[in-house]
Amino acid sequence: MNDTTTPPEPSPSPEALAELLDAERTRVFQTITSPWPHFLLSVVCAAAVWLPDTGMARTVAVLSVVAPGVWILLRNGALARAGTVYADDEEDADGPADPALASRVAARMLAVTNVVVSTAVAAVVLFLPLGVLRIVLPALCLWYAFDLFRQSRDRRRALAVIERAEGEPWYPAYRSRIEARRAALA
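Caption draft 1: Helix H7 (residues 171–185), seen in detail. Between its first and last C-alpha, H7 extends 21 Å over 15 residues, near the 21 Å set by a 1.5 Å rise per residue. Listed as buried for H7 are Tyr-171, Tyr-174, Arg-175, Ile-178, Arg-181 and Leu-185. Buried residues of H7, seen end-on, are gathered within an arc of 120° and therefore sit on one face of the element. With respect to the buried face of H7, the exposed residues turned more than 90 degrees away are Pro-172 and Ala-183.

In structure tokens:
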């Protein structure tokens with residue numbers, strides 16, 4: 001008797017799929033919002049806060065905390081789309097079924113959160129004494145330097161995970177599903 005059933009399509013383990021989706025998100029998010037502009041801005045602001053003009057120093061301090069928020073607002077749509085494309089199906093079971101709606105909801109949530117946080121931090125910076133800002137902004141610059149190293153390490157790890165997954169038999173099916181999600185958002 002001939003068995004005409006086709007073997008089931010290979011599928012990744014839930015852990016492997018979650019790791020790959022996380023790696024893809026890391027790679028895409030770092031492409032959309034590179035850490036370098038934030039680091040360079042923090043270096044300039046950490047130096048400029050020492051200007052003798054108090055008004056200019058305070059303006060630079062506010063700029064240093066508001067500019068990253070504005071940058072994220074400008075990249076908001078791309079971040080939300082990428083988050084929707086690379087969302088884990090099991091994680092998103094309680095969210096909207098329509099990927100375009102999910103992307104819009106995520107974009108609005110990100111925008112509101114970003115505006116609230118940027119406004120709150122800017123208000124705090126406006127009322128801090130200049131002496132404190134002259135300590136905090138160089139510390140922020142050091143934090144951004146640490147963040148550069150951390151994101152570089154995360155990117156290398158993500159690329160290794162993606163490269164490892166490309167050799168798996170289930171990878172073409174995964175890519176076609178990601179491309180279908182991307183097309184649904186277009």
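Caption draft 2: Local environment of the packing of aromatic side chains. Counted by the stated rule, this structure contains four aromatic pairs. Between the aromatic rings of Trp-36 and Phe-39, the centroid separation amounts to 5.9 Å while the plane-to-plane angle is 85°, which identifies the pairing as edge-to-face. Of the two residues, Trp-36 and Phe-39 both sit in helix H2 (residues 35–48), three residues apart, roughly one turn of that helix. An aromatic cluster is built from Trp-170, Tyr-171 and Tyr-174, whose rings are joined through pairwise contacts.

Caption draft 3: Inspection of helix H3 (residues 54–74) at higher detail. End to end, H3 covers 30 Å across 21 residues, agreeing with the expected 30 Å (1.5 Å per residue, within 8%). At Val-66, H3 shows its maximal bend, which comes to roughly 30°, and the proline Pro-68 appears one to four places after that position. Buried within H3 we find Ala-57, Arg-58, Val-60, Ala-61, Val-62, Ser-64, Val-65, Pro-68 and Gly-69.

Caption draft 4: How the structure looks around the pattern of salt bridges. One pass over the full model with this rule turns up 10 salt bridges. Close ionic contact of Asp-22 with Arg-157 constitutes a salt bridge, the shortest N to O distance being 3.3 Å. Of the two residues, Asp-22 is situated in helix H1 (residues 14–32) and Arg-157 in helix H6 (residues 130–166); the sequence distance between them amounts to 135 residues. Asp-22 gets classed as partly exposed once you look at its relative accessible area, which sits at 32%.

Caption draft 5: Here's a closer look at the state of the cysteines. Inspection of every chain in the model, using the stated rule, returns zero disulfides. Residue Cys-45 stays outside any disulfide, its sulfur separated by 9.4 Å from that of Cys-141, the closest cysteine. Its relative accessible area of 2% is what places Cys-45 among the buried residues. Looking at Cys-141, the relative accessible area reads 13%, which means it is buried.

Caption draft 6: Just the side chain of Arg-181, in detail. Structurally, Arg-181 can be placed in helix H7. Given a relative accessible area of 13%, Arg-181 falls into the buried group. At a separation of 2.8 Å, a polar atom in the side chain of Arg-181 contacts the main-chain carbonyl oxygen of Val-85.

Caption draft 7: Seen up close, the packing of helix H4 (residues 76–85) against H7. Interhelical geometry of H4 versus H7 gives an angle of 140° and a closest axis separation of 9 Å. Regarding the angle of H4 to H7, the classification is oblique. H4 and H7 meet at a crossing whose hand is right-handed. On H7, the residues that touch Arg-81, Thr-84 and Val-85 of H4 are Ile-178, Arg-181, Arg-182 and Leu-185. Tallied by class, the residues present in the contact of H4 with H7 amount to three nonpolar, one polar and three charged.

What counts and what doesn't
Per chain, the residues get numbers from 1 upward, laid out in the order the sequence is written. pLDDT decides what is reported in this predicted model: residues at 70 or higher carry local features, side-chain atom pairs at 80 or more are listed and counted, and totals for whole chains, interfaces and linings draw on all residues regardless. The side-chain numbers reported here are obtained from all heavy atoms of the structure, hydrogens and water having been left aside. To qualify as a helix, a DSSP run of H or I must reach at least 4 residues; to qualify as a strand, a run of E must reach at least 2; elements of each kind are numbered from the N terminus. An expected span of 1.5 Å times one less than the residue number is assigned to each helix. Throughout this description, buried means an accessible area under 20% of the type-specific maximum (1.4 Å probe, protein chains only), exposed means over 50%, and partly exposed covers the range between. It is the directions from the helix axis to the C-beta atoms that the arc portrays. Aromatic rings from Phe, Tyr and Trp, taking only the six-membered ring of Trp, are treated as a pair when their centres fall within 6.5 Å; an angle between ring planes under 30 degrees marks them as stacked, one over 60 as edge-to-face, and anything in between as tilted. To get the bend at any residue, fit one axis to the seven residues that end at it and another to the seven that begin at it, then take the angle between the two axes. Note on definitions: salt bridges are taken to be side-chain nitrogens of Lys or Arg within 4 Å of carboxyl oxygens of Asp or Glu. Cysteine sulfur pairs qualify as disulfides if the two atoms are within 2.5 Å. Side-chain atoms alone can form a polar contact between residues adjacent in sequence; in general such a contact is a pair of N or O atoms within 3.5 Å, and within protein one must be able to donate a hydrogen while the other accepts it. Here an angle of 0 to 180 degrees is reported between the N-to-C directions of two axes, which are lines fitted to C-alpha atoms, with helices fitted over the stretch in contact. An angle counts as roughly parallel when it lies under 35 degrees, as roughly antiparallel when it exceeds 145, as roughly perpendicular when it falls between 65 and 115, and as oblique in every other case. Here a crossing is taken to be left-handed if its near helix is turned anticlockwise relative to the far helix by less than a right angle, and right-handed if that turn runs clockwise. Only heavy atoms enter the contact rule, under which two residues are in contact if any of them lie within 4.5 Å. Classes in brief: Ala, Val, Leu, Ile, Met, Phe, Trp, Tyr, Cys and Pro nonpolar; Asp, Glu, Lys and Arg charged; the others, Gly included, polar.

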